[in-house]
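# Understanding the architecture of this molecule
Spelled out, the chains give:
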Amino acid sequence: MNYTQNMNMPVIILLLLLAAYTWNLVRSNRINTQLGVGWLIVESMIVLLCLLHWHIVARVLARLGGGDVTLGVALLGLGWLALLILNNHARISKLTAKLKQVNQEMALACERLDRLESQRGAGTAHAADGAKPSAAVASAPAVTAAATIPVFRLGAACVWMVAVAYVFAVYSGLAPPEGAAGEMLTSLFASLKAEYLH
Amino acid sequence: MQHLLTIVVPLVFFLMACVGTGVLVFNALPRRPQQPRVTELVLAFLLGQGVLGSVLLVPALAGRFTIPVVLSLTVPFACYGLWHVCRSAAAILGAAADCCLAFLKAPLPWKLVGLALPALLLAWSASIAGMIEGDAHAFYLALPKVIAASHRLVLLPAYEPFMNVGLLAEMQVAVLFLLGMPDASPKLLGWLTILAGAVVLQGVCRTAGLGRRGQVIGLAIVATSSAIMMLLEGKSDFFAAAYALSAVLYLQTSWSDASRRAALILVGLFTGFALVAKLSYVVAFVPSLGILLFLKEMPNLKRMWLDRSQCRQMLQGYALDVLMAGAAMSLPFIPHLVKNVILLGALGGPHASFEYFTPETTRQIVLRYPLVLVFGKYWGQLGNISPLLLAFLPLALFFSRKNNGWSNTVAPLFYAAFAGLVTWVALFPAVPIPRYFMANLLLLSVPAAWIADRLSRYHWAANYVLAGTILATLYTCYDTSSEAVFPIKSGYRALFAAQTSALTPEQTGLTLNINEAYFRDGFEAINQDARPGSRVFLASYSRFWLRPDLIQTVNNDAENSVMRWDPEDPDRLWRQLYQHGFSYLYMDSGQRLSEALKAPPSWVNVQEIFPNGAFFGKGYGSAYRLIFNGAPGVRMFDTLEVAPGAWNLVPASQAASVAAN
């Protein structure tokens, strides 16, 4: 617990600076909004965990680091970085392939236009610039954009999933029952047990 | 290295033998629906398990369960299985490459799930060094150990009536003990079966139209079910679930298959093995099977109702289908029933009572479904189904399922699983034990995974929350169960350390869960002290760590009914112990005979050999050497080695005359 308290202020300041930088990137459209918001959410959660001194963080880190919280942080950080790099490489490769495809299609389209122009003759030659296909033609949304679930229902679904995960963590003893919710859960669990012939 | 080989070689050998046996049965049904190569290998493994588990009953009942006999029955199949697996190597590598490519293409949250999920499933192999569950201590591991050592199948003392249950898994574990797998390492067969069942469930999800993400969610439900995880402690209930899921997979593929007969034969075989392995599936799974068999044919039947001749023809076809599946289902019962007749003189055994709780508690259990299955801690429950089922199934209320394939492929599974579950609750309301209807719960994971998959594709926020929920649940399961069930460090040492019997008790504690190690020490004290064929009076449920010759002659059911501590006649128990030939006494932490030990008669010398002043006291049991000097009465029973490793309880006069000769 002392360790997390000592760690807190520098970590919080670092995270706040990172959050400010991420916000700047999102605002200036230098990073995809979805990714940027995701980063902001994660940074906010870490700040919150540091402020709340939630012992579960130290427990998870110690578990991963074989009893050593520092090692747990290092392992988690390295693992996360490796996954991020791998993921970004995969995205770059995918985008490179798409870019190549788009360039090829553009080249083919330009060639077709040139052929049409030469067939029509000099008089009907149009500025090809205005007819050039937009590079945005390939950007079909990967996710079906039409949201057929109202936002309220979607939010309720997300809250339900998080609630079940939290209740399971309390039931398993990973998270201590805290506050009124904790008392309610404790009485719920007590009502879901019985000994033989009782 | 040698220790590792004693564990891995028999396991791989038996794995190949099962695959070879299963493939041979498949070859006899060439018109069966084809599965992807890897799934087909896994199905062959499961089918081979059932066949070998039945066939091996024959030498065991004949008292010929020896290495030459077992090897002659398994080596040809193992060779064929190995050859078949080598031929399928390209397909296996291709499937692995597909998985790697899919992993690279997956979004980041699902990459995390793709790492954590297989890591947890592989970590379960560390159960080799984990706790052994009470039922496994008493029967499910103790019986195979005795079969292997005595080379025969006879009634296990104190469990004589219980021997009417199917022994499919036990015969397989007995083979592994016979081939020299040390300590409790044959538990790894349970882990392999769970992995096989997970692959079959993935096949069921795929056939139901779920994509990779949905299949991963289905596997996550398996990996986060403590009711499955606890079975790693030596119980064999998942064998039935794996066989039942295989039956469902063939039923699914038979829907679109013009020639259903081969598929129905396999459905019958797998269902038969599931019923033999766990008879409770008669109540929970057979109704589900009936629904899956006929649900998709209902529209055809309705259409043909007006045309009587065609309707009659269809009904005749269905009757033939049922007869064919029923005939195949009855085949696995034959060796099982023969075993019962030989051992018990009857086809079945006494019916157990399922009145585990008071009527009021039973009423509360029924009213609190499904919470009892996810968060219940009832006597005998031994774990819960995954909370992800509870997290994902109700999400169906949040969006429409129309035009998304639900009605064609996923709905039948949901209705079938639900109907089986309702049947169980209606008939056995006081038994909220997931392993009794595990197949139904796993079938419910298909619609749950379908719903979760669809939701994750609706919106990126739902995608992140869903993946986060799965990761959090995976971690919770790992954190809370790994120390007891699958201690990774101890498992690593157990695989790569020397033979645990050569280790000191302190060193044993490093290769086995520490509580199990201390518990084992009580039995080891007797093992080190007792001469072959000594009788041990067990005031305990457990016996696995005793030497097999000692297990064969512990107090039996008849003796347990008459040998009890009576404060009115304190000498009676000690007289009985002398007359029945007992020279050791073991009590577990319950210490139910501690009163008797306070003032034994003068003609018996009770010497404590465990814990002998250890710091933990009698929390891990206690063991005593009994020396009788001038005891009243005569010794009525003694033990006799009737064959190498096979010990019987005989009249003392018979043992004396054999000794004199």
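Bear in mind the structure is a predicted one, so any value in this text is a computation, not a measurement. (Residues numbered from 1 in each chain as written. Chains lettered and ligands numbered in written order. Predicted model: local features only at pLDDT ≥ 70, side-chain atom pairs only at ≥ 80, totals over all residues. Heavy atoms only, no water.)

### Things to note about the overall build of chain A
- Broken down by element type, chain A carries 7 helices and 1 strand.
- Its helices and strands taken in sequence order, chain A reads α-α-α-α-α-α-α-β from the N to the C terminus.
- Each of the 198 residues in chain A was classed as buried or not, and the buried ones make up 23%.
- Excluding contacts between residues fewer than 6 apart, the proportion of contacts in chain A whose partners are at least 24 apart in sequence is 41%.
- A total accessible area of about 13600 Å² is found for chain A, and carbon and sulfur atoms account for 68% of it. (Helix = DSSP H or I, 4+ residues; strand = E, 2+ residues; numbered from the N terminus. Buried < 20%, exposed > 50% of the residue type's maximum accessible area, 1.4 Å probe, protein only. Contact = heavy atoms within 4.5 Å. Areas by Shrake-Rupley, 256 points an atom, 1.4 Å probe, with all protein chains shown as cover.)

### Looking at the interface of chain A and chain B
- On the chain B side, the residues contacting the 41 residues of chain A number 51 residues.
- Here chain A is connected to chain B by 0 salt bridges.
- At the surface where chain A touches chain B, the tally comes to 9 residue pairs in polar contact (both at pLDDT 80 or more).
- Contributing elements (two or more residues each) for the side of chain A that touches chain B: helix H2 (33–52), helix H3 (55–64), helix H4 (69–120), helix H6 (151–172), helix H7 (179–191) and strand S1 (193–194) of chain A.
- It is H6 of chain A that provides the largest number of residues to the side of chain A that touches chain B, a total of 15 residues.
- Its residues assigned to classes, the side of chain A that touches chain B comprises 29 nonpolar, 7 polar and 5 charged. (Salt bridge = Lys/Arg side-chain N within 4 Å of Asp/Glu carboxyl O. Polar contact = N/O pair within 3.5 Å; in protein donor to acceptor, adjacent residues only side chain to side chain. Nonpolar A, V, L, I, M, F, W, Y, C, P; charged D, E, K, R; others polar.)

### Some points on the confidence of the model for chain B
- When pLDDT is averaged along chain B, the result is 91, and 95% of the positions lie at 70 or above.
- Quick note on the complex model: pTM equals 0.87, ipTM equals 0.90. (pLDDT = per-residue confidence, 0-100.)

### Details of the environment of Phe437 of chain B
- As for its position among the elements, Phe437 of chain B is in the loop between helix H23 (406–427) and helix H24 (438–458).
- Residues in contact with Phe437 of chain B, not counting those within four places in the same chain, are Tyr281, Ala284, Tyr369, Leu373, Leu421, Trp424 and Val431 of chain B.

### Describing the pairing of strand S6 (residues 637–643) of chain B
Residues and elements named next belong to chain B.
- As paired strands, S6 and strand S7 (residues 646–651) are joined by 6 bridges and run antiparallel to one another. Note that in S7 the partner of Ala643 across the bridge is Ala646.
- Joining the antiparallel neighbours S6 and S7 is a turn of 2 residues, in which Gly645 adopts a positive phi near 85°. (Pairing = 2+ DSSP bridges.)

### Overview of the pairing of strand S2 (residues 535–539) of chain B
Residues and elements named next belong to chain B.
- Among the 5 residues that make up S2, 5 are buried, leaving the element largely enclosed by the rest of the structure.
- Pairing geometry for S2 and strand S3 (residues 582–587), over 5 bridges, is parallel. Bridging across to S3, Leu538 finds its partner in Tyr586.

### A closer look at the sheet that holds strand S4 (residues 604–610) of chain B
Residue and element names in this part refer to chain B.
- Here we have 4 strands laid out as an open sheet, ordered S2-S3-S5-S4, and mixed in their pairing. Pairing within the sheet leaves two strands with one partner each, and these edge strands are S2 and S4. With strand direction ignored, the average angle separating the axes of adjacent strands in the sheet is 25°.
- For S4 and strand S5 (residues 622–628), the ladder comprises 6 bridges, and the chain directions are antiparallel. When the bridges of S5 are listed, Phe610 appears paired with Ala623.
- Where helix H28 (residues 514–529) meets the sheet, it contacts S2, S3, S4 and S5, and its direction lies at approximately 130° from that of S4.
- Where helix H31 (residues 570–579) meets the sheet, its contacts fall on S2, S3, S4 and S5, and the angle it forms with S5 comes to roughly 75°. (Axes fitted to C-alpha atoms, helices over the stretch in contact; angles between N-to-C directions.)

### As for H3 of chain A
All names here are of chain A.
- Listing the buried residues of H3 in full gives Ile56, Leu61 and Ala62.
- Against the buried residues of H3 lie H4.
- Directly beyond the C-terminal end of H3, a positive phi value near 60° is found at Gly66.

### Section: the side chain of Glu516 of chain B
Residue and element names in this part refer to chain B.
- Here Glu516 is to be found in helix H28.
- The side chain of Glu516 sits in the buried core without any salt bridge; Lys187 is the nearest counter-charge, 6.9 Å away.
- When near neighbours in sequence (up to four residues on either side) are disregarded, Glu516 contacts Gly130, Met131, Ile132, His137 and Trp545. (Lys, Arg positive; Asp, Glu negative; His and termini not counted.)

### A few points about a nonpolar patch on the surface
- A cluster of nonpolar side chains, namely Leu35, Trp39 and Trp80 of chain A together with Tyr464 of chain B, defines an oily patch on the protein surface of about 350 Å² accessible area.
- Residue position: Trp80 of chain A is located in helix H4. (Patch = residues over 30% accessible without salt bridge, like charges linked within 9 Å, V, L, I, M, F, W, Y side chains within 5 Å.)

### What to know about the nonpolar core
All names here are of chain B.
- Counting 214 residues, the largest nonpolar core has Phe65, Trp124, Tyr281, Phe392, Ile470 and Ile526 as its most contacted members.
- Take this core: its biggest share by element is 14 residues, from H24.
- If you look at the next biggest cluster of nonpolar residues, it comprises 19 residues, including Ala539, Leu597, Val604 and Phe628. (Core = buried A, V, L, I, M, F, W, Y, C linked by side-chain atoms within 4.5 Å.)

### Digging into the packing of helix H1 (residues 2–27) of chain B against helix H4 (residues 67–87) of chain B
Residue and element names in this part refer to chain B.
- One can describe the packing of H1 onto H4 by two numbers: an axis separation of 6 Å at closest approach and a directional angle of 80°. The angle between the axes of H1 and H4 places the two elements in the roughly perpendicular class. In this structure, H1 uses Phe13, Met16, Ala17, Val19, Gly20, Thr21, Val23, Leu24 and Asn27 to contact H4, whose residues at the interface are Leu71, Thr74, Val75, Phe77, Ala78, Tyr80, Gly81, Leu82, His84 and Val85.
- Residue composition of the contact of H1 with H4, grouped by class: 13 nonpolar, 6 polar and no charged. (Parallel < 35°, antiparallel > 145°, perpendicular 65-115°, else oblique.)

### What to know about the environment of Val366 of chain B
All names here are of chain B.
- In this fold, Val366 is placed in helix H20 (residues 359–367).
- It is 20 Å that separates the C-alpha atoms of Val366 and Ala439, two residues lying 73 residues apart in sequence.
- When neighbours within four sequence positions are excluded, Val366 is seen to be in contact with Val425 and Pro429.

### Quick notes on the side chain of Gln552 of chain B
Residue and element names in this part refer to chain B.
- Inspection of the secondary structure puts Gln552 in the loop between helix H29 (548–551) and helix H30 (557–562).
- Its relative accessible area of 9% is what places Gln552 among the buried residues.
- Within the structure, the side chain of Gln552 is placed 3.1 Å from the side chain of Arg152, a separation counted as a polar contact.
- Excluding residues that lie within four positions of it along the chain, Gln552 makes contacts with Val146, Ser150, Arg152, Pro157, Gly645, Ala646 and Trp647.

### Considering the pattern of salt bridges
Residue and element names in this part refer to chain B.
- Applying the stated criterion to the full structure yields 18 salt bridges over all chains.
- Measuring nitrogen to oxygen at the nearest pair gives 3.2 Å for the salt bridge that ties Asp183 to Arg520. Pair noted here: Asp183 is in the loop between helix H9 (168–178) and helix H10 (188–207) and Arg520 is in helix H28, with a separation of 337 residues, a long-range link.
- A relative accessible area of 24% places Asp183 in the partly exposed class.

### Here we look at unusual backbone geometry
All names here are of chain B.
- Cis peptide bonds are those with omega within 30 degrees of zero, and the linkage from Tyr369 to Pro370 qualifies with -5°.
- Relative to the assigned elements, Pro370 resides in the loop between H20 and helix H21 (371–375).
- Cis rather than trans, the peptide bond between Phe610 and Pro611 has omega equal to 5°.
- Relative to the helices and strands, Pro611 resides in the loop between S4 and S5.
- In this structure, Asp183 is a non-glycine residue whose phi angle is positive, near 50°.
- In this model, Gln591 sits at a positive phi of 50°, which is unusual for a non-glycine residue.
- Along the chain, the position of Gln591 falls in the loop between S3 and helix H32 (594–598).

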